[in-house]
Amino acid sequence: MSGIKSSGEKRLVLVSGRAHPQLAIDIAAELGSDLVPTDARTFANGELYARYDESVRGCDAFVIQSHTAPINEWLMEQLIMVDALKRASAKRITVVAPFYPYARQDKKGRGREPISARLVADLFKTAGADRIMSVDLHAAQIQGFFDGPVDHLFAMPVLLKHFKDKLDPATLTVVSPDMGRVRVADIWSDKLGAPLAIIHKRRDPLVPNQVSVHEIIGPVEGRVCLLVDDLIDTGRTIVKAAEALKAAGAIGVVVAATHAVFSDPATELLQSEFIDEVVVTDTLPLPAEKTWDRLTILPIAPLLARAIHEVFEDGSVTSMFDGAA
Ligand code: R5P
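Residues numbered from 1 in each chain as written. Predicted model: local features only at pLDDT ≥ 70, side-chain atom pairs only at ≥ 80, totals over all residues. Heavy atoms only, no water.

The name recorded for the protein chain in an unreviewed UniProt entry is Ribose-phosphate pyrophosphokinase, from Microterricola viridarii. Under the UniProt heading Catalytic activity (unreviewed entry), the note attached to the protein chain is "D-ribose 5-phosphate + ATP = 5-phospho-alpha-D-ribose 1-diphosphate + AMP + H(+)". The annotation that UniProt attaches to the protein chain under Pathway (unreviewed entry) is "Metabolic intermediate biosynthesis; 5-phospho-alpha-D-ribose 1-diphosphate biosynthesis; 5-phospho-alpha-D-ribose 1-diphosphate from D-ribose 5-phosphate (route I): step 1/1." (UniProt positions renumbered as here; feature names shortened; annotations may be inferred.)

The following block contains the structure:
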């Protein structure tokens, strides 16, 4: 039967939502498997529907979805797919959400705000998910929102490999574009043997996506700065940071980010003269019109496929990262 692989008594089933089919195809190819054909539809009034074309009874299922815009639609589709698996007697269901939806709403910054990242975890659980797999969660504590195993993968090894031979530690500074990324940037700085700088970024709590840079702490003058972030949304954080670094005497600015959300006007802003290169992974789909010559997109499928293999075989996901986290 296509899409189903046997390993002893277990059966691995890969299914995909419609947000980023290429990523699921790439993961399946890495695993030497196929995706189970799925009938996914949107009705005239916007309601979604999904049905698997083959039996999934007793299987170890991985539901792959990429939470790009329209994010609510793709989240709902994944929930429906999990529900369909549960009702079709899948033995274990793993939600594969490389970019965790609503991850930035992980705490109450002000009174009367929601904690939507927690709500998403509850929705996955209610739908029937046994576990979640994600890449570079905006905040590691999101793992605790889900009452079950969460495989938190890191894109750092993928991104580091790209930069390792290109950047000279003698002239390099790793830069965290805000306080929230300091811990991750610190690990990058250790791995690359380069010093760390931190940008003090301010946001207007009343205006979404507006950013201003206040202060840079650390050595940037006469140095190539590697800005590392988990995600680029409108691009304002990164562009403001690059501008400030250049104004402070940086001789070059390169950017590494895991999730290329690239809401408008990111594509335009990121082509700024202050930025030499932007490197991202393909956790989210990027149409041709959102790419340009100084953008590099690295494949995340090998990392996800390896993690799926480890989970399926009861191996070790932690061993994949060799202390990278
Ligand atoms: C912030 O905490 C995140 O790590 C990103 O820096 C931010 O969400 C990116 O948003 P934008 O590209 O719209 O500035």
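After that view, the rundown keeps rolling.
Student: Looking at this structure, how should I read helix α4 (residues 156-164)?
Tutor: Along an α-helix, a turn takes 3.6 residues, which lines up residues three or four apart on a common side. For α4, the set of buried residues is Met 156, Val 158, Leu 159, Leu 160, His 162 and Phe 163. Against the buried residues of α4 lie α5 (182-192), β12 (224-232), β13 (252-260), β14 (277-281), β15 (295-298) and α8 (301-312). (Buried < 20%, exposed > 50% of the residue type's maximum accessible area, 1.4 Å probe, protein only. Helix = DSSP H or I, 4+ residues; strand = E, 2+ residues; numbered from the N terminus. Contact = heavy atoms within 4.5 Å.)

Student: Help me understand the sheet that holds β13 in this model?
Tutor: The strands that make up a sheet are held in pairs by hydrogen bonds between backbone atoms, and each pair lies either parallel or antiparallel. Read from one edge to the other, the open sheet built from seven strands follows the order β11-β10-β9-β12-β13-β14-β15, with strand pairing classed as mixed. One side of each edge strand has no neighbouring strand; the edge strands of this open sheet are β11 (211-217) and β15. Strand-to-strand, the axes of this sheet are offset by a mean angle of 25 degrees, without reference to chain direction. Here strand β10 (residues 196-203) pairs with β11 via six bridges, running antiparallel. The partner of Arg 202 across the bridge, within β11, is Ser 212. Sitting on the sheet, α4 touches β12, β13, β14 and β15, and the angle it makes with β14 is about 150 degrees. (Pairing = 2+ DSSP bridges. Axes fitted to C-alpha atoms, helices over the stretch in contact; angles between N-to-C directions.)

Student: Which parts of the structure should I look at to understand unusual backbone geometry?
Tutor: Trans is the prevailing form of peptide bonds, just as negative phi is the prevailing case for residues other than glycine. Along the chain, Ala 69 connects to Pro 70 via a cis peptide bond; the corresponding omega equals -5 degrees. Considering the arrangement of structural elements, one finds Pro 70 in the loop between β5 (60-64) and α2 (71-87). Here Asp 264 and Pro 265 are connected by a cis peptide whose omega angle stands at 5 degrees. At Tyr 102, a residue that is not glycine, the phi angle is positive and equals roughly 65 degrees. Its location among the elements puts Tyr 102 in the loop between β6 (92-96) and α3 (116-127). For Tyr 102, a relative accessible area of 28% corresponds to the partly exposed category. Positive phi is not limited to glycine here, since Phe 262 has a value of about 50 degrees. Mapping Phe 262 onto the fold places it in the loop between β13 and α7 (266-270). Judged by relative accessible area, Phe 262 falls into the buried class, the value being 0%.

Student: I tried to follow the side chain of Glu 310 on my own but got confused; where do I start?
Tutor: Tracing the backbone shows Glu 310 in helix α8. A relative accessible area of 14% places Glu 310 in the buried class. Beyond its immediate sequence surroundings of up to four residues, Glu 310 is in contact with Gly 315, Ser 316, Val 317 and Met 320.

Student: When you look at the site of the ligand in this model, what are you seeing that I'm missing?
Tutor: The immediate surroundings of the ligand are formed by 15 residues, with Asp 229, Asp 230, Thr 234, Gly 235 and Thr 237 found nearest. Interatomic distance of 2.7 Å between a side-chain N/O atom of Asp 230 and an oxygen atom of the ligand. A distance of 2.9 Å separates an oxygen atom of the ligand from a polar backbone atom of Asp 233. Of all the secondary-structure elements, those providing two or more residues to the shell around the ligand are β10, β12 and α6 (236-247). Per-element tally for the shell around the ligand: the top contributor is β12, with four residues. When its residues are assigned to classes, the shell around the ligand shows two nonpolar, five polar and eight charged. (Near = heavy atom within 4 Å. Polar contact = N/O pair within 3.5 Å; in protein donor to acceptor, adjacent residues only side chain to side chain. Nonpolar A, V, L, I, M, F, W, Y, C, P; charged D, E, K, R; others polar.)

Student: Explain the nonpolar core to me, please; I cannot follow it from the model alone.
Tutor: Grouped burial of nonpolar side chains is what soluble globular proteins tend to show. If you look at the biggest cluster of nonpolar residues, it comprises 46 residues, and the most contacted ones within it are Ile 27, Leu 153, Trp 188, Leu 226, Leu 304 and Ile 308. A total of eight residues in this core trace back to one element, the largest contributor, which is α8. Counting only domains with at least three residues in this core, you end up with domain 1 (4-154 + 302-319) and domain 2 (156-299). Each residue touching Leu 304, except ones within four places of it in the same chain, is listed here: Leu 23, Ile 27, Val 96, Pro 98, Met 133, Val 135 and Leu 153. Listed in part, the 36 residues of the second largest apolar core include Val 56, Ala 117, Val 120 and Val 150. (Core = buried A, V, L, I, M, F, W, Y, C linked by side-chain atoms within 4.5 Å. Domains from an automatic or database assignment.)

Student: Please explain the packing of α4 against α5 as it appears in this structure.
Tutor: Helix packing for two helices is described by the angle between their axes and how far apart those axes are. Following both chains from N to C, one finds α4 and α5 inclined at 45 degrees, their axes separated by 12 Å at the closest point. Relative to α5, the element α4 lies oblique. Crossing hand, α4 versus α5: right-handed. Where α4 approaches α5, its residues Met 156, Leu 159, Leu 160, Phe 163 and Lys 164 are matched on the opposing element by Val 184, Ile 187, Trp 188, Lys 191 and Leu 192. Class assignment of the residues belonging to the contact of α4 with α5 gives a composition of eight nonpolar, no polar and two charged. (Parallel < 35°, antiparallel > 145°, perpendicular 65-115°, else oblique. Left-handed = near helix turned anticlockwise from the far one by under 90°.)

Student: How do you make sense of the pairing of β5 when you look at a structure like this?
Tutor: The two faces of the sheet receive side chains in turn, since in a regular strand these alternate between them. Of all the five residues making up β5, five are buried; the element is thus mostly covered by neighbouring parts of the structure. Side-chain alternation along β5 places Asp 60, Phe 62 and Ile 64 on one buried face and Ala 61 and Val 63 on a second face that is also buried. As defined by bridge partners, strand β2 (residues 10-16) adjoins β5 across five bridges and the pair is classed as parallel. Bridge pairing in β5 places Val 13 opposite Ala 61. Bridge analysis of β5 against β6 gives five bridges, and the strand direction is parallel. Residue pairing in the sheet places Val 63 in a bridge with Val 95 of β6.

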